[in-house]
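Examining the three-dimensional arrangement
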Amino acid sequence: MNDKKVERAISSTILEQKERLVQEAALPNDIGGDIADQLMDWRRQLINAYAESVTQGADGVIDELEEWSKHVSERLVELMLPLDIALDEISKYREVIGTLIKEEAELQQFSIADFYQLVTNFNNAVDQAVQLVSRSYMEDYKDTIQKAHYAINELSIPMVRITEEVGVIPIVGEIDTYRAQLLMDNALKQGEEFRLTTVIIDLSGVSIIDTMVAHQLFKVIHSLELIGVRGVLSGIRPDIAQTMVNLGINMKTVDTFSSLHKAIGSIH
């Protein structure tokens, strides 16, 4: 039997044993019924790729492994399950299928050199699967964290509509460069989207106003003016007013109020 026939025979043997391999492997303790069913399908797809790697090499199944890795990582991140589940599934079949390859190669009297090449193709596919699913998982995880971070920050600079034409942005805590940009984005986007005539930026919960914050606030006010929205600052405590004066900021160009109540009362 020539080398190609032996490779095909080994690949066929792996596929014939696929269902047994899928069912015999223990399930992780921390997964539910829904993911368990998916795990069985993932195992079948993975074993298919391993079988094909015997005849095609790791490069020949790269597309299949990439698709497998993408689906698995997306689902694990969605369910907040660890990457270890996928890595265990990938590696647990290395020894089992490696044994099948060895037994079939002995049966077919494969040479040591050709057997080595066969096992190398299979191990390369396993290693490729590890790399692909790890990279895909980390990308999905990073994307999920970034989306969550953005959502949290959006909630930290909310726009509250108190009438059809008036919105309030209450700010609590310190304002760094990122939150300052988020303030600008939210004020302009929602001011235009809701067709507001007035946006009140309430600073009652802001403890410190430095040069960067002060200039950013006035940039927001002036940017709102450019789209036809009146910008108002409320919650201007005496210490904040003094800081702004010391920074040389002309307070006369902006409507400011000591409290949100007074700012709302000024709107006709």
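Residues numbered from 1 in each chain as written. Predicted model: local features only at pLDDT ≥ 70, side-chain atom pairs only at ≥ 80, totals over all residues. Heavy atoms only, no water.

An unreviewed UniProt entry lists the protein under the name STAS domain-containing protein, from Pontibacillus chungwhensis.

Considering helix H5 (residues 84–107)
The end-to-end C-alpha separation of H5 is 35 Å, in line with the 34 Å expected for 24 residues at 1.5 Å each. Along H5, the sharpest kink reaches roughly 30°, centred on arginine 94. Of all the positions in H5, only Ile85, Ala86, Glu89, Ile90, Tyr93, Ile97, Leu100, Ile101, Glu104 and Ala105 are classed as buried. One or two positions beyond H5, positive phi appears at glutamine 109, with a value near 55°. (Helix = DSSP H or I, 4+ residues; strand = E, 2+ residues; numbered from the N terminus. Expected span 1.5 Å × (residues − 1). Bend = angle between axes of the 7 residues up to and from the residue. Buried < 20%, exposed > 50% of the residue type's maximum accessible area, 1.4 Å probe, protein only.)

Description of the nonpolar core
Formed by 44 residues in total, the largest nonpolar core has its most connected members in Ile10, Ile14, Tyr50, Leu76, Ile90, Ile97 and Ile101. Those elements that provide at least two residues to this core are helix H1 (3–16), helix H2 (18–24), helix H3 (33–56), helix H4 (62–78), H5 and helix H6 (112–156). Per-element accounting of this core gives the leading share, 11 residues, to H3. Beyond its immediate stretch of four places on either side in the chain, isoleucine 97 contacts Ile14, Leu21, Tyr50 and Phe122. Listed in part, the 31 residues of the second largest apolar core include Ile169, Leu196, Leu217 and Val254. (Core = buried A, V, L, I, M, F, W, Y, C linked by side-chain atoms within 4.5 Å. Contact = heavy atoms within 4.5 Å.)

Observations concerning the packing of H4 against H5
Two quantities define a packed helix pair, namely the angle between the axes and the distance from one axis to the other. Here H4 crosses H5 at 145°, and the two axes come no closer than 10 Å. On H5, the residues touching Trp68, Val72 and Leu76 of H4 are Ile85, Ala86 and Ile90. By residue class, the composition of the contact of H4 with H5 is six nonpolar, no polar and no charged. (Axes fitted to C-alpha atoms, helices over the stretch in contact; angles between N-to-C directions. Nonpolar A, V, L, I, M, F, W, Y, C, P; charged D, E, K, R; others polar.)

Some thoughts on the sheet that holds strand S3 (residues 198–205)
With mixed pairing, the five strands of this open sheet are ordered in space as S1-S2-S3-S4-S5. Two strands lie at the open edges of the sheet, namely strand S1 (160–161) and strand S5 (255–256), each paired on one side alone. In the sheet, strand S2 (residues 166–172) pairs with S3 via six bridges, with the strands oriented parallel. Note on S3: the bridge partner recorded for glycine 167 is valine 199. On the sheet, helix H7 (residues 177–193) packs against S2 and S3 and is oriented at approximately 170° with respect to S2. (Pairing = 2+ DSSP bridges.)

A short note on the packing of aromatic side chains
Within the structure shown, the criterion is met by two aromatic pairs. Between tyrosine 50 and phenylalanine 122, the aromatic rings sit 5.3 Å apart at their centres with planes inclined by 85°, giving edge-to-face as the arrangement. Remark: phenylalanine 122 occurs in helix H6 and tyrosine 50 occurs in helix H3; sequence separation between them is 72 residues. Taking relative accessible area as the criterion, tyrosine 50 reaches 0% and is therefore assigned buried. Given the relative accessible area of 1%, phenylalanine 122 is considered buried. Summarising the aromatic geometry, the rings of tyrosine 137 and tyrosine 141 are spaced 6.3 Å apart at their centres and angled 5° between planes, so their arrangement reads as stacked. Taken together, the residues span about one helical turn, with tyrosine 137 and tyrosine 141 both in helix H6 at a distance of four residues. For tyrosine 141, a relative accessible area of 41% puts it in the partly exposed group. Sitting above the plane of the phenylalanine 194 ring, arginine 161 keeps its charged end 4.6 Å from the centroid. (Phe/Tyr/Trp six-rings, centres within 6.5 Å; stacked < 30°, edge-to-face > 60°. Lys NZ or Arg CZ within 6 Å of the ring centre and 35° of its normal.)

A few points about a nonpolar patch on the surface
Taken together, the side chains of Met138, Tyr141 and Ile145 present a nonpolar region at the surface, about 300 Å² in accessible area. Considering the arrangement of structural elements, one finds isoleucine 145 in helix H6. (Patch = residues over 30% accessible without salt bridge, like charges linked within 9 Å, V, L, I, M, F, W, Y side chains within 5 Å. Areas by Shrake-Rupley, 256 points an atom, 1.4 Å probe, with all protein chains shown as cover. Salt bridge = Lys/Arg side-chain N within 4 Å of Asp/Glu carboxyl O.)

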